[in-house]
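# Working through the structure, step by step
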Amino acid sequence: MGCSSCGSDGGCGSGGCGSSSGGGCSKSGSCSSYKLNVYDWLSDIELPHGQVIFDCVEVRFKNSRKEFFRNVNNLSLNVGDVIAVETTSGHDIGTITMTGELVKKQMRKNKVAFDSPEIKKIYRLAKKSDIDKWIEAQKMEVGTMYKARTIAIEQGLDMKISDVEYQGDKTKAIFYYTAEARVDFRELIKRLADEFKVRIEMKQIGVRQEASRLGGIGSCGRELCCSTWLTDFRSVSTSAARYQQLSLNPQKLAGQCGKLKCCLNYELDAYTDALKIFPDTNINLETEKGTAFYRKMDIFKQMMWYSYKHEALQFIEIKVERVNEIIALNKKGQKPVDLVEFVEPVKKEFVEPSYANVDGQDSLTRFDNQNKKKKNNNNRNRNKKNFHKKNEAGKQ
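### Focus on the packing of helix α2 (residues 128–154) against helix α3 (residues 186–196)
α3 packs onto α2 with a crossing angle of 140° between their chain directions and a minimal axis gap of 10 Å. For the element pair α2 / α3, the angle class is oblique. When the axes of α2 and α3 are compared, the crossing they make is right-handed. Along its contact with α2, which presents Thr144, Lys147, Ala148, Ile151, Ala152 and Glu154, the element α3 presents Leu188, Arg191, Leu192, Glu195 and Phe196.

### Notes on the pairing of strand β2 (residues 66–70)
Strand direction decides the pairing type here: strand β1 (residues 56–60) and β2, joined by 5 bridges, are antiparallel. Residue pairing across strands places Cys56 opposite Arg70, the latter belonging to β2. Connecting β1 to the antiparallel partner β2 that follows it, the hairpin turn spans 5 residues, and Asn63 within it adopts a positive phi of roughly 55°. Where β2 and strand β5 (residues 120–125) come together, 2 bridges link them in parallel fashion. Pairing of Phe69 across the sheet is with Lys120, part of β5.

### Some thoughts on the sheet that holds strand β10 (residues 291–298)
Pairing between sheet strands relies on hydrogen bonds along the backbone, with the strands arranged either parallel or antiparallel. The 4 strands lie next to each other as β9-β10-β11-β12, forming an open sheet whose pairing is antiparallel. The sheet terminates laterally at β9 (285–286) and β12 (311–319), the two strands that pair on one side only. Note that β10 and strand β11 (residues 303–308) share 6 bridges and pair antiparallel. Across the sheet, residue Phe293 finds its bridge partner in β11, namely Ser307. Contacts from helix α8 (residues 320–331) reach β9, β11 and β12, with the element oriented near 105° to β12.

### What about the confidence of the model for the protein?
On average, residues of the protein carry a pLDDT of 83, and 80% of them reach 70 or more. Mean pLDDT values for the elements of the protein range from 64 in helix α9 (residues 366–395) up to 95 in strand β3 (residues 82–86). Taken as a whole, residues 1–33 scores under 50 in pLDDT and shows 70 contacts with residues more than four places along the chain or in a different chain.

### Overview of the pattern of salt bridges
Taken as a whole and assessed by the stated rule, the structure comprises 24 salt bridges. Linking Asp55 and Arg70 is a salt bridge whose minimum nitrogen-to-oxygen distance equals 3.3 Å. Here Asp55 is found in the segment before β1, whereas its partner Arg70 is found in strand β2, with 15 residues between them in sequence. By relative accessible area, Asp55 is classed as partly exposed at 31%. Taking relative accessible area as the criterion, Arg70 reaches 16% and is therefore assigned buried. As a salt-bridge pair, Glu201 and Lys203 come within 4.0 Å of each other at their nearest N and O atoms. The exposure class of Glu201 is partly exposed, given its relative accessible area of 25%. Shared partners join several salt bridges into a network, and the residues in it are Lys62, Arg65, Glu67, Asp92, Glu141, Asp163, Glu165 and Arg213.

Reading the values: rules and limits
Residues numbered from 1 in each chain as written. Predicted model: local features only at pLDDT ≥ 70, side-chain atom pairs only at ≥ 80, totals over all residues. Heavy atoms only, no water. Axes fitted to C-alpha atoms, helices over the stretch in contact; angles between N-to-C directions. Helix = DSSP H or I, 4+ residues; strand = E, 2+ residues; numbered from the N terminus. Parallel < 35°, antiparallel > 145°, perpendicular 65-115°, else oblique. Left-handed = near helix turned anticlockwise from the far one by under 90°. Contact = heavy atoms within 4.5 Å. Pairing = 2+ DSSP bridges. pLDDT = per-residue confidence, 0-100. Salt bridge = Lys/Arg side-chain N within 4 Å of Asp/Glu carboxyl O. Buried < 20%, exposed > 50% of the residue type's maximum accessible area, 1.4 Å probe, protein only.

What follows is the structure in structure tokens.
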């Protein structure tokens, strides 16, 4: 049914994962990409004596949609098994992504009560007929999405249908859409129900959730974080770019969703901690030579550059500790003679070259010299041939 090692739908992709434990996947190679996978670090830890295995499991459906279901029939379930689960009408087909005690932590994280009556039950392991119908439903999704977009345009609705997900028994379809304002889609639901002969559910999502569902490659060259591991979409402001001294270029700071990149928050705490020792950049340094104003800084080298007002083109590099000393002196009414006194000399170590350029290999004109040598050699050979010919003619 599925791969107990990687948990991919219906077994691994063309390559497989090469896992022989659990009898899930016998193919060699690498697993197909799997969204929002969670490593079960409690799988090798035995339960205390007498404790029963937690009866809920986490099930993944299309893309990143995950829900919790209760194993009321005490079925032997493993990660990667394809199962039939209860829904409000009919049944759905999904893949188990997590079992055991780690499911409790995930339910606490998602604020789902263990004894909640809303947790639906697992019917059975999926049969071949269930999987065949499930695969047929998946093949219908792209065509349904394009047809639904056409119907929405005909009705003049300002919305974008970004994805369609069929229920495993093909009796219901969820249409995911994005819209900037409220949309009255009552007539649209009637048209879609008449067109596809299924129950229709419309679900609005944000542009970040849309990027998460569709996936893609980011500017870093890797898969989007939101489609692989990121689940909470925190707000990102332009101040995060300012703290990291990035140019406020919307084309570079925006992700595929059109919003500011989530990765701007990843290193923000490190930058804010490093900036705590830096003084206010609006404070000028007073010296007997003149007033110096701030030009730029290097956060992790803890360096700042200042210039005198009458020598604006000259940059003076000073460590942050020395800048704080000058500011403390200015507050006491004292002025140092010159900022150059606070510049620490840079020690340049002589590095002996590891080789000697005896053949002129690094010379830009080395090919010209080679051409001259070839021409001289050719001229000598010609002169020798002419000399020999003249000698032979004179002897005759």
